[in-house]
Amino acid sequence: MLILWVPLSFLLGFIISHSVQSSWENWRNGGGEFDKQPHVVFILVDDQGFRDVGYHGSEIKTPTLDRLAAQGVKLENYYVQPLCSPSRSQLMTGRYQIHTGLQHSIIRATQPNCLPLENVTLPLKLKQAGYATHMVGKWHLGFYKRGCLPTQRGFDTFFGSLLGSGDHYSHYKCEAPGMCGYDLYEGEEAAWEQDRGLYSTVMFTQKAISILAKHDPHRKPLFLYLAYQAVHSPLQVPSRYLERYKGISNVHRRKYAAMVSCLDEAIRNLTLALKRYGYYDNTVLVYSSDNGGQPLLGGSNWPLRGSKASYWEGGIRAVGFVHSPLLRNKGTKCRSLIHITDWFPTLVSLGEGTLEEHLNLDGYDVWEAISEGRPSPRHDILHNIDPIYIKAKNGSWKAGYGIWNTAIQAALRVGHWKLLTGIPGYSDWVPPQTFSNQQMGSRWHNEHIRFDRGKSLWLFNITADPYERVDLSQRYPQIVKKMLIRLAQYNKTAVPVRYPAKDLRSNPQYNGGVWGPWYKDEKEEQQEEDKYNNLFSIHLGKRQWKKKSKMRKMKRKAKD
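No experiment lies behind these values; they were computed from the predicted model shown.

### So, the overall build of the chain
Here comes step 1: Per the secondary structure count, the chain includes 13 helices and 18 strands.
Here comes step 2: Looking at the chain residue by residue over its 560 residues, the buried ones come to 54%.
Here comes step 3: Pairs at least 24 apart in sequence give 73% of the contacts found in the chain among residues at least 6 apart.
Here comes step 4: If you sum the accessible surface of the chain, you get close to 26,000 Å²; carbon and sulfur atoms cover 54% of it.

### Some words on the pairing of strand 1 (residues 39-45)
Here comes step 1: The buried fraction of strand 1 is high, at 7 of 7 residues.
Here comes step 2: As judged from the 7 bridges shared by strand 1 and strand 11 (residues 283-289), these two strands associate in the parallel manner. Directly across from Phe42, in strand 11, lies its bridge partner Val286.
Here comes step 3: Two strands pair when backbone bridges link them, and strand 1 and strand 10 (residues 222-227) are joined in this way by 5 bridges, in the parallel orientation. Of the residues in strand 10, the one forming a bridge with Ile43 is Leu226.

### Here's the deal with the packing of aromatic side chains
Here comes step 1: The tally for this structure, following the rule as stated, stands at 17 aromatic pairs.
Here comes step 2: Site record: aromatic cluster; members linked through ring pairs are Phe42, Tyr78, Phe155, Phe223, Tyr225 and Trp343.
Here comes step 3: A cation over a ring is seen here: Lys207 above Phe159, with NZ or CZ 5.2 Å from the ring centre.
Here comes step 4: Over the ring of Trp312 we find Arg305, and its NZ or CZ is 3.8 Å from the ring centre.

### A few points about the confidence of the model for the chain
Here comes step 1: Taken over all residues, the pLDDT of the chain has a mean of 89, while the share at 70 or more is 84%.
Here comes step 2: Across the chain, the element-wise mean pLDDT spans from 41 in helix 1 (residues 8-28) up to 99 in strand 10.

### Notes on the environment of Asp365
Here comes step 1: On the secondary structure map, Asp365 appears in the loop between helix 10 (343-350) and helix 11 (367-371).
Here comes step 2: Asp365 sits 15 residues away from Leu350 along the chain, and the two C-alpha atoms are 9.1 Å apart.
Here comes step 3: Aside from chain neighbours lying at most four places away, what touches Asp365 is Pro345, Thr346, Ser349 and Pro377.
Here comes step 4: Among the polar contacts made by the side chain of Asp365, one reaches the side chain of Ser349 at a distance of 3.5 Å.
Here comes step 5: Here Trp367 takes part through its backbone nitrogen, which lies 3.1 Å from a polar atom of the side chain of Asp365.

### Overview of the sheet that holds strand 9 (residues 189-190)
Here comes step 1: Here we have 10 strands laid out as an open sheet, ordered 9-8-5-4-10-1-11-12-2-13, and mixed in their pairing. Each edge of the open sheet is held by one strand with a lone partner, namely strand 9 and strand 13 (332-334).
Here comes step 2: Inspection of the sheet shows strand 4 (residues 132-138) paired to strand 10 by 6 bridges, in the parallel sense. Note on strand 10: the bridge partner recorded for Met135 is Tyr225.
Here comes step 3: Relative to strand 10, helix 4 (residues 84-93) is tilted by about 175°, and along the sheet it contacts strand 1, strand 4 and strand 10.
Here comes step 4: Most of the contacts of helix 10 go to strand 1, to which it runs at about 160°, and overall it touches strand 1, strand 2 (73-75), strand 11 and strand 12 (320-323).

### Considerations on the sheet that holds strand 18 (residues 457-461)
Here comes step 1: Read from one edge to the other, the open sheet built from 4 strands follows the order 15-16-17-18, with strand pairing classed as antiparallel. Bordering the open sheet on either side are strand 15 (380-386) and strand 18, each of which pairs with just one other strand. Taking each pair of neighbouring strands and ignoring which way they run, the sheet shows an average axis angle of 10°.
Here comes step 2: Pairing of strand 17 (residues 417-421) with strand 18, which is carried by 5 bridges, proceeds in the antiparallel orientation. Bridging from a neighbouring strand, Leu419 pairs with Leu459 of strand 18.

Calculation notes
Residues numbered from 1 in each chain as written. Predicted model: local features only at pLDDT ≥ 70, side-chain atom pairs only at ≥ 80, totals over all residues. Heavy atoms only, no water. Helix = DSSP H or I, 4+ residues; strand = E, 2+ residues; numbered from the N terminus. Buried < 20%, exposed > 50% of the residue type's maximum accessible area, 1.4 Å probe, protein only. Contact = heavy atoms within 4.5 Å. Areas by Shrake-Rupley, 256 points an atom, 1.4 Å probe, with all protein chains shown as cover. Pairing = 2+ DSSP bridges. Phe/Tyr/Trp six-rings, centres within 6.5 Å; stacked < 30°, edge-to-face > 60°. Lys NZ or Arg CZ within 6 Å of the ring centre and 35° of its normal. pLDDT = per-residue confidence, 0-100. Polar contact = N/O pair within 3.5 Å; in protein donor to acceptor, adjacent residues only side chain to side chain. Axes fitted to C-alpha atoms, helices over the stretch in contact; angles between N-to-C directions.

So, in structure tokens, the structure goes:
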């Protein structure tokens, strides 16, 4: 047998050379430490209906969303809140509305209200874990004082709008006659110089891509929160997208479809940028709508019941998917129960952040359920309890078996069961043929349900009846009672509702024509007063010095 003797010095030289080369490659690629933490891109779209994506059978063409979802994991049992601010608050905090005081309606531009400052936010936790955090798009979590702004809540940078909606081109919004202002921000200042009159979807995408271009993906993990204003009204879109939908006679539906197509193209451009700048292979991309669509403004939730602002499935069951090379089971559907509060613990855990007990999260880490198809740790969802909205005329403690006042608007999901009390909101099923009419005012295609039947409580088996057609509350009173007890238990943990009256100081005419912070607490007022007093003292001191100098000169002249 032939034995080849290799000189020891040559062997050691090869090992050292290989080690140096590996170290160089590891450093050049950012090092193992940062490669472990994935980049996170969270895309939140506004008012996209459950049916308004190609893979749910829509006539709207969404090739990018279809492809990303098909190559990732489609979330087919995924829930959000029925309105903008509630969904965004729960995404940012991982907590139900009853635990932040935002149970009622939305945060309005004229209210001295915002996401409570004591709540730790998702970007703050990721920032603590070493992430660069950037937000582009719609905030809608309050801005009445500086501490409420995105850059004060964990984001390194912010470019976007503070309000819930506005003109997609001019970025102006009127809340009432004489209550109009500009709403586009760069950081904490109005972005007049950044404004080129671009359509919001295009403008926000360009900004997001510029962030990707400037950041080094191998040096530091990135969290990009891209919250599009589309497809929220007003129904505006570049004309070239309308050409694709000439066959849709309903004007609202045609414009809405064009807005979705523009959004789809924007996400294609963003995805290409992730690949171009070296992020893609280590990125988790989450796509979600913030609530259901509005049929009267072109959105479709068919075959689900209800619309935006309702607790029927059409208001809260959302389009959602995760796309990432890091997923284990790609090309699958996740039918486990998932809620928007779950993104907080899921993304913080993925980013190797810490989740302290004092955060009191309502969300769960659902990454294994999404990536590997394991059972979700979530078994129930408190959709909400709104103690202010008690308009159900026939609601009573008696109807709630003495356990719960069914006049209160509330909704709860436990396993297969869903309970609703009070008035859940717009309750029609709106089929696709409705949009074939020029006007939807007659709603003659709709299956219309009236609320004067004395009902204030419903029970559905959502797994067997996802369209909420068969109310089982009379058939299963024991299940109703158990769920009412659970609702009452949740209510004991609720904090007082934050829904202050309008503050006239919010008017943009008092703030240079811009929507922005107007409220100052005692500390800020004292600091401003001290600053003014200092300036006044300096100015007064100069005047007194000049006066004394003039007197000295006059005295010298008198002596001469």
